[in-house]
Number of protein chains: 2
Amino acid sequence: MAHNALDEKEISPIAKSPEVSTAASSEGGSKPKATCLQKYFSEESRNFQGSALKKTTRLLSDFIPLGTGRPHAELYPWTSSDANWPSFLNKPNGPEGTVTVPSKYTLANALTYGTALGTPSLVQFLTEHIELIHDPPYQDWAVCLTCGSTSALDIIFRTFTDRGDVILAEKYSYPGFIESAALAGVEIQPVDLDDQGLNPDRLGQILDGWDTLERPKPKVLYTIPSGQNPTGVTQSQERRWAIYEIAERHGLIIIEDDPYYFIQLGPNTASEDRNPEAVSRQLVPSYLSIDKSGRVIRLDSTSKILAPGLRAGWVTASQQVIDKYTAYHDLTTVSVSGLSQFVLHDLFNLQWGQRGFSTWLQTLSLKYTQRRDITVAACHSLLPSDICSFAIPDHGMFLWISIDVRMHPMYAAEGHIVEGWCSQVEDRILTLGLANGVQVTKGSLFFAKNSGEGAELFFRLTFAAAKEQDLAEGVGIFANAVKTEFNCREG
Amino acid sequence: MAHNALDEKEISPIAKSPEVSTAASSEGGSKPKATCLQKYFSEESRNFQGSALKKTTRLLSDFIPLGTGRPHAELYPWTSSDANWPSFLNKPNGPEGTVTVPSKYTLANALTYGTALGTPSLVQFLTEHIELIHDPPYQDWAVCLTCGSTSALDIIFRTFTDRGDVILAEKYSYPGFIESAALAGVEIQPVDLDDQGLNPDRLGQILDGWDTLERPKPKVLYTIPSGQNPTGVTQSQERRWAIYEIAERHGLIIIEDDPYYFIQLGPNTASEDRNPEAVSRQLVPSYLSIDKSGRVIRLDSTSKILAPGLRAGWVTASQQVIDKYTAYHDLTTVSVSGLSQFVLHDLFNLQWGQRGFSTWLQTLSLKYTQRRDITVAACHSLLPSDICSFAIPDHGMFLWISIDVRMHPMYAAEGHIVEGWCSQVEDRILTLGLANGVQVTKGSLFFAKNSGEGAELFFRLTFAAAKEQDLAEGVGIFANAVKTEFNCREG
């Protein structure tokens, strides 16, 4: 496919796996088709095709529509001449040469029933975006708008899991994922992670040694590869290749939940070059970009890079999976809010184009880098270093603070960690922080499976939500809560 | 609760069941609490409480938020001073005296994560609206925004049904409901309906004679009481009381899916008084308005009365059910699009107030009445009356055309109806209509359960979607398709 909208080198020169490049070129440039996924589908979703009625409405435009109960635009309380509507309604099409608007998207379009896939002009923009950034190395991939990644993840569970299934995930993970798994009756098999993210050796050991008589073998791996929630860790390129190879060998679907991919935090040194191009050069290859067999389902979200209130994101996967998304959308959310699509269409197609979107992401990364640096500096100077440790994240918005419970006075007194005690310490630090005006998040909310050891104590801090000038003060209040709990002398 | 926003008599004097009034007054004005619904909940939903992480974020406003990954407003690409944003941002609060704006709802509110219940100012407006129109006769009811009634219905299935359950519904029903039931592995037990809607005698017979050894007894009735989709029939007041009484006796939950409630079509005579007050006087009591034990789940939608692109509606039910909605929202859609809430807040709280909303609904009803009358007149003059019959709907947007297959020349030749033959006739009429420029909807899409008889032939016509001036032409094309199929002489 042609990268026609932009000079690729300028935007996102992604390093490719040599194997992938070879595979693609050995086929004379024609990409393979995705592997058949039918056997992966859940009992519920296997034969599910979506709404028959909605399929009939897709013919609507050329006929007198006496078929579907879709009110005529004259029956809405808003019209495009309404002075209360955004002025961009009547704006000409953005700066010349940046992007072609594939189709008009009017207020009447925004107010009527949307399609399960998304309005064509947005889907086309996002497809171009995916091609520019990830260029999936197989033929039949597609993009579908989602009502945000939480909704997209719910559809993953409904499409791919039956009650009693087991799903693989990082040992510490997004609570929305953990709770969705519980709701779906799916057990999480945690995989260890280290300072480079999910550990492929552990993943391989778990799968090689799986006793299928005891439990069904997992067919899905859920991972947050960049700026992982909650640990902030980003998987290296080598890690991704190693994990993808294991997925190929064991027939795993990979759910690449990647809302922090574009929040790249520059090196933590003031002297480093921080212009947008430098930031762009750091993009690591996504799983989608090395997915030669169509086993990756990539979730992107507007929540961290544009605005969470839009309740919009997009999923990229093989057409077979996208068909399930549109089928589920038909019977659940129907479509993303027309107004959210309307402002995204305005932003992407009329204002920014691909280049403008890329510039926004780079600018945003610089803002987050600054917030990260303020927070890290405060942590270094204010947290008791014998008790608290953390890695400096290079993506995302989270610091994962590990608390060494053996430094607690009660540990010296008892000589071992009493069950339930980490949880009490955690609660007291949280409560003391709140009492003094800071909110942090308990690490135990992120435990994919209660290990039973009870010797782990973490807090997750984010530098996304507070005012920039409050970050250091917030860290200070948290640090004092830790010190108080651990009976440290102030100073 | 006080009806403080409006003079109730002026808006919606709903006739109440004498029993309900007596029950309410015998308790000295204090309403009963809803019955406990725990035993009705599905295996999946029974112990489901929603997102622990999201619960922690509800504290956010008073603290330095280092807890939740909710980007600060300065990290969005839109600001309220952005010239591209709606001008109503800076407008004063609507006409004096109509409504008090309970809280500010700013662009930053619209762009950040919304709450599972809905933004307080909208929830308060809708709660007042429900109280004015329905005044539920029990204490602990509540209102929650939904991402439209299709999404709300999906949550019903997840909350109340397990695979293998049976659910009661009108014999002809909304395809989204029929397909959601199939997806959930739930069997539909169809109930006959006549010119007053769902037949309570048949409902009673089905439940009284239920063999629980053979199949689990239904605990949920799904009904579209006003302007039923597809038949257009509205249940009379007496019907509703009789059906509610059966629900009480057999312990049924009633899903009142009522998107057409406010689309009241005046009498089909030109001389009739059609001012808004006359229309208003016709509102029949909803199930919610007679629900003394909290067993009704009422679904309202913006799709038919404001605009479907908003993907917004509201559910009214006992607090126990609303808690399930917020729990499911946490792990699926999170919230209604902030932009949809933003424009609804503007419309309801800043522009309309309760009175303005009521006026809009009455005006809309007049528009639909006019469209209904044009369509009915065309049907009377153009459809072959020996083949086609229909009732004139007094709510909603649908005409349900019954075709007498015994008038078909093939019936005369064969003397009976051959299996699969109705379906072929249906397809041919649809195809012929499309070929000549009209789209109607096949009746078989609405069969809750394939009866096996194959002797029924219907088409559903709507007068909502076409341009008003195209309605008669559309009916004419459809009529010609029927006549051609039935070999009628033209003229």
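My aim in this report is to walk through the structure given alongside it, one point at a time. (Residues numbered from 1 in each chain as written. Chains lettered and ligands numbered in written order. Predicted model: local features only at pLDDT ≥ 70, side-chain atom pairs only at ≥ 80, totals over all residues. Heavy atoms only, no water.)

1. Digging into helix α11 (residues 319-331) of chain B
All names here are of chain B.
Phase 1 of the analysis: Taking 1.5 Å per residue, 13 residues should reach 18 Å; α11 reaches 19 Å between its end C-alpha atoms and fits that length.
Phase 2 of the analysis: With 10 of its 13 residues buried, α11 lies for the most part within the structure.
Phase 3 of the analysis: Among the residues making up α11, those that are buried are Val321, Ile322, Lys324, Tyr325, Thr326, Ala327, Tyr328, His329, Asp330 and Leu331. (Helix = DSSP H or I, 4+ residues; strand = E, 2+ residues; numbered from the N terminus. Expected span 1.5 Å × (residues − 1). Buried < 20%, exposed > 50% of the residue type's maximum accessible area, 1.4 Å probe, protein only.)

2. A look at the pattern of salt bridges
Residues and elements named next belong to chain B.
Phase 1 of the analysis: Counting across every chain of the model gives 37 salt bridges over all chains.
Phase 2 of the analysis: Arginine 295 is the salt-bridge partner of glutamate 248, the closest N and O atoms lying 2.6 Å from each other. On the criterion of sequence distance, the pair formed by glutamate 248 in helix α9 (residues 237-250) and arginine 295 in the loop between α10 (276-280) and β9 (296-301) is long-range, its members being 47 residues apart.
Phase 3 of the analysis: Given the relative accessible area of 29%, glutamate 248 is considered partly exposed.
Phase 4 of the analysis: On the accessibility criterion, arginine 295 (7% relative accessible area) is buried.
Phase 5 of the analysis: The closest approach of N and O atoms between aspartate 300 and arginine 298, which form a salt bridge, is 2.9 Å. One exposure class covers both aspartate 300 and arginine 298, and it is buried. (Salt bridge = Lys/Arg side-chain N within 4 Å of Asp/Glu carboxyl O.)

3. Quick word on the relation of the copies chain B and chain A
Phase 1 of the analysis: Its rotation angle being 180 degrees, the transformation that places chain B on chain A also includes 0.0 Å of axial translation and leaves an RMSD of 0.0 Å. The superposition operator between the copies reduces to a two-fold rotation axis.
Phase 2 of the analysis: Taken as a fraction of all interface residues of chain B, those also at the interface in chain A reach 100%, which identifies the copy contact as same-surface. (Least-squares fit on C-alpha atoms with pLDDT ≥ 70 in both. Contact = heavy atoms within 4.5 Å.)

4. Structural notes on the environment of B:Leu111
Phase 1 of the analysis: As for its position among the elements, B:Leu111 is in helix α4 (residues 107-111).
Phase 2 of the analysis: Excluding residues within four positions of it along the chain, B:Leu111 makes contact with A:Ala307, A:Pro308, A:Gly309, B:Tyr76, B:Trp78 and B:Leu339.

5. Re the interface of chain B and chain A
For interface size, the figure often reported is the accessible area lost on association.
Phase 1 of the analysis: Each partner contributes to the interface: chain B provides 103 residues, whereas chain A provides 103 residues.
Phase 2 of the analysis: Between chain B and chain A the total buried area reaches about 8,600 Å² when both faces are included, carbon and sulfur atoms providing 61% of it.
Phase 3 of the analysis: On the chain B side of the contact with chain A, B:Ile64, B:Leu66 and B:Gln439 bury the most area, a combined 10% of that side's loss.
Phase 4 of the analysis: Linking chain B with chain A are three salt bridges.
Phase 5 of the analysis: With a shortest N-O distance of 4.0 Å, A:Glu43 and B:Arg163 are connected by a salt bridge.
Phase 6 of the analysis: Per-element accounting of the side of chain B that touches chain A gives the leading share, 12 residues, to helix α12 (residues 338-382) of chain B.
Phase 7 of the analysis: Partitioned by chemical class, the residues of the side of chain B that touches chain A number 54 nonpolar, 29 polar and 20 charged. (Buried area = accessible area lost by both parts, 1.4 Å probe. Nonpolar A, V, L, I, M, F, W, Y, C, P; charged D, E, K, R; others polar.)

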